[in-house]
Amino acid sequence: MPKKHYKNMSRTISNTFFSIDLGSYESDLCLQFYEAVVDITEEAGKPNVADYFPLLQMMDPQGIRRRTKICLDVLFEKFDGIIRKRLQSSSRIVEETQDLLDFLLNMNQEENDSELSLVGIKHLLWDLFIAGMDTTSKTLEWGMAELLRNPEKLLKLKKELKEVEGDIQESDINKLPYLQATVKEIFRLHPPAQFLVPYKAGCDVEIGGFKIPKNAQILVNVWAMGRDGKIWENPDRFEPERFLASKIDVKGRDFELIPFGAGRRICPGLPLAHRMLHLMLASLVHSFNWKLSHTVQPNELDMTEKFGLSLAKAQPLLVIPYF
């Protein structure tokens, strides 16, 4: 199931970015993207002794930097090929933006003083591609695991989705309050990045009685915030109902729930990830019935977490769809 998650995500993201379907199971390009993305996120999430002893960074004693560079080279080589083909395409119309890549290339070519170089475009695409594929797919896996572990919540969501005629569309999301509450509860218990992106203090500051010196690296533990008993009742239980009568959202306005951060440095992928998770979770629940594989009972489902760049299940979720 995790591999299918990545391929479904790659289909959505690649169509948005490149107008190319990387979700094909027969595609060598898709497989290369998938393997590079998985390897990069695994390497980046490993504890690195060089982070604590900067003198060791050049030596790279664990080989993490070397292996990450190999994977990055694979991704950048693929980006180079896609960009080169787009630039050489005789059918490309500069005035008409078709996808994100067209928009970035138009900006690069039309604005002489643009700071967005082709190298910059590749790095921006890498940031968006890695962040969009890895975090959203893992959050979706956690969501399905929580619903299967709590069959009464799954049935309640399924009942709401049955009111939608035909396939679930993005326009339906606002009319599905239990779906919205379910997604918020997934983000509360399983934020995509448990420590958000690191911040750096711009000056000496005191917060909550703690003195933070200038240039100190700050990690915001949103995982712990989501399970704080002082903020949430029954914090370890999966209860989407807590959000039905609440105006709390995940868009950075309510600091009890900030899986994407807040302020000027909020995650730029929030709108896309937010829509994708609602749409994909609703489509999976609406289109199929699901059961756990083998003889695993819902209360026996392993929910152990695996520490890394993003929050992953230690044991991949194995489920069987049926009609």
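Just so we're clear, the structure is a prediction, and the values are computed from it rather than from any experiment.

Trainee: I tried to follow helix H3 (residues 64-88) on my own but got confused; where do I start?
Mentor: Owing to its 3.6 residues per turn, the α-helix aligns residues three or four sequence positions apart on the same side. For H3, which comprises 25 residues, the first-to-last C-alpha distance of 36 Å matches the rise-based estimate of 36 Å (1.5 Å per residue) to within 8%. Within H3 the residues assigned to the buried category are Ile64, Thr68, Cys71, Leu72, Leu75, Phe76, Lys78, Phe79, Ile82, Ile83 and Arg86.

Trainee: Help me understand empty space enclosed by the protein in this model?
Mentor: Leftover empty space is mapped by rolling, across the atoms, a probe with the size of a water molecule. According to the stated counting rule, one finds one cavity of 30 Å³ or more in the structure shown. Here the largest cavity is characterised by a volume of approximately 50 Å³. What lines the largest cavity is Phe187, Arg188, Pro191, Val222, Met225, Gly226, Glu256, Leu257, Ile258 and Pro259. Only helix H7 (177-189) and helix H8 (222-226) provide two or more residues apiece to the lining of the largest cavity. For the lining of the largest cavity, the element with the most residues is H8, which contributes three residues. Classifying every residue of the lining of the largest cavity gives seven nonpolar, one polar and two charged.

Trainee: Help me out: how do you make sense of the nonpolar core in this one?
Mentor: Counting residues in each nonpolar core, the largest one holds 66 residues, and the members touching the most others are Phe129 and Leu281. Per-element accounting of this core gives the leading share, twelve residues, to helix H5 (residues 118-149). Sequence-distant contacts of Leu281, defined by excluding residues within four places in its chain, comprise Leu140, Met144, Leu147, Leu179, Thr182, Val183 and Ile186.

Trainee: What exactly am I supposed to notice about the side chain of Lys122 here?
Mentor: Position of Lys122 among the secondary structure elements: in helix H5. Those residues in contact with Lys122, other than ones at most four positions away along the chain, are Phe76, Phe79, Asp80 and Ile83.

Trainee: What exactly am I supposed to notice about a nonpolar patch on the surface here?
Mentor: A grouping of Val49, Tyr52 and Phe53 is seen on the molecular surface, where their side chains present a nonpolar patch of about 340 Å² in accessible area. With respect to the helices and strands, Tyr52 occurs in the loop between helix H2 (28-44) and H3.

Trainee: I keep staring at the packing of H7 against helix H9 (residues 270-287) and nothing clicks. Help me out?
Mentor: For any two helices packed against each other, one specifies the crossing angle of their axes together with the interaxial distance. Across the interface, H7 lies against H9 with an axial gap of 10 Å and an inter-helix angle of 115°. Taken together, H7 and H9 sit at an angle that is classed as roughly perpendicular. In this structure, H7 crosses over H9, and the sense of that crossing is right-handed. Judged by residue contacts, Leu179, Gln180, Thr182, Val183, Ile186 and Phe187 of H7 engage His274, Leu277, His278, Leu281 and Ala282 from H9. Among the residues making up the contact of H7 with H9, the classes are represented as seven nonpolar, four polar and no charged.

Trainee: Help me understand the confidence of the model for the protein chain, please; the structure alone is not making it clear to me.
Mentor: Predicted coordinates in areas of low pLDDT are best not read in detail. Taken as a whole, the protein chain shows an average pLDDT of 84; of its residues, 89% reach a score of 70 or greater. The secondary-structure element of the protein chain with the lowest mean pLDDT is helix H1 (residues 2-18), recorded at 63, while H7 shows the highest, at 97. Every residue in residues 1-5 scores below 50 in pLDDT, and together they form eleven contacts with partners more than four places removed in sequence or on other chains.

Trainee: In this structure, what is going on with the packing of aromatic side chains? I would like to understand it.
Mentor: Aromatic ring pairs are described here by two measures, namely the spacing of the ring centres and the angle between the planes. Following the criterion strictly, the structure yields four aromatic pairs and no others. Arranged with centres 6.4 Å apart and planes meeting at 50°, the rings of Phe76 and Phe79 form a pair that is tilted. A residue pair is termed a helical-turn pair when its members lie 3 or 4 positions apart in one helix, as Phe76 and Phe79 do in helix H3 at three residues. Given a relative accessible area of 15%, Phe76 falls into the buried group. Here the basic side chain of Lys122 rests over the ring of Phe76, its NZ or CZ set 5.8 Å away from the ring centre. When the ring centre of Trp142 is taken as reference, the NZ or CZ atom of Lys313 above it lies at 5.8 Å.

About the thresholds
- Residues numbered from 1 in each chain as written.
- Predicted model: local features only at pLDDT ≥ 70, side-chain atom pairs only at ≥ 80, totals over all residues.
- Heavy atoms only, no water.
- Helix = DSSP H or I, 4+ residues; strand = E, 2+ residues; numbered from the N terminus.
- Expected span 1.5 Å × (residues − 1).
- Buried < 20%, exposed > 50% of the residue type's maximum accessible area, 1.4 Å probe, protein only.
- 1 Å grid on protein atoms, 1.4 Å probe; cavity = no way out; pocket = protein on both sides within 12 Å on 5 of 7 lines; lining within 4 Å.
- Points joined across faces, edges and corners; volume = space filled by probe spheres on them.
- Nonpolar A, V, L, I, M, F, W, Y, C, P; charged D, E, K, R; others polar.
- Core = buried A, V, L, I, M, F, W, Y, C linked by side-chain atoms within 4.5 Å.
- Contact = heavy atoms within 4.5 Å.
- Patch = residues over 30% accessible without salt bridge, like charges linked within 9 Å, V, L, I, M, F, W, Y side chains within 5 Å.
- Areas by Shrake-Rupley, 256 points an atom, 1.4 Å probe, with all protein chains shown as cover.
- Salt bridge = Lys/Arg side-chain N within 4 Å of Asp/Glu carboxyl O.
- Axes fitted to C-alpha atoms, helices over the stretch in contact; angles between N-to-C directions.
- Parallel < 35°, antiparallel > 145°, perpendicular 65-115°, else oblique.
- Left-handed = near helix turned anticlockwise from the far one by under 90°.
- pLDDT = per-residue confidence, 0-100.
- Phe/Tyr/Trp six-rings, centres within 6.5 Å; stacked < 30°, edge-to-face > 60°.
- Lys NZ or Arg CZ within 6 Å of the ring centre and 35° of its normal.

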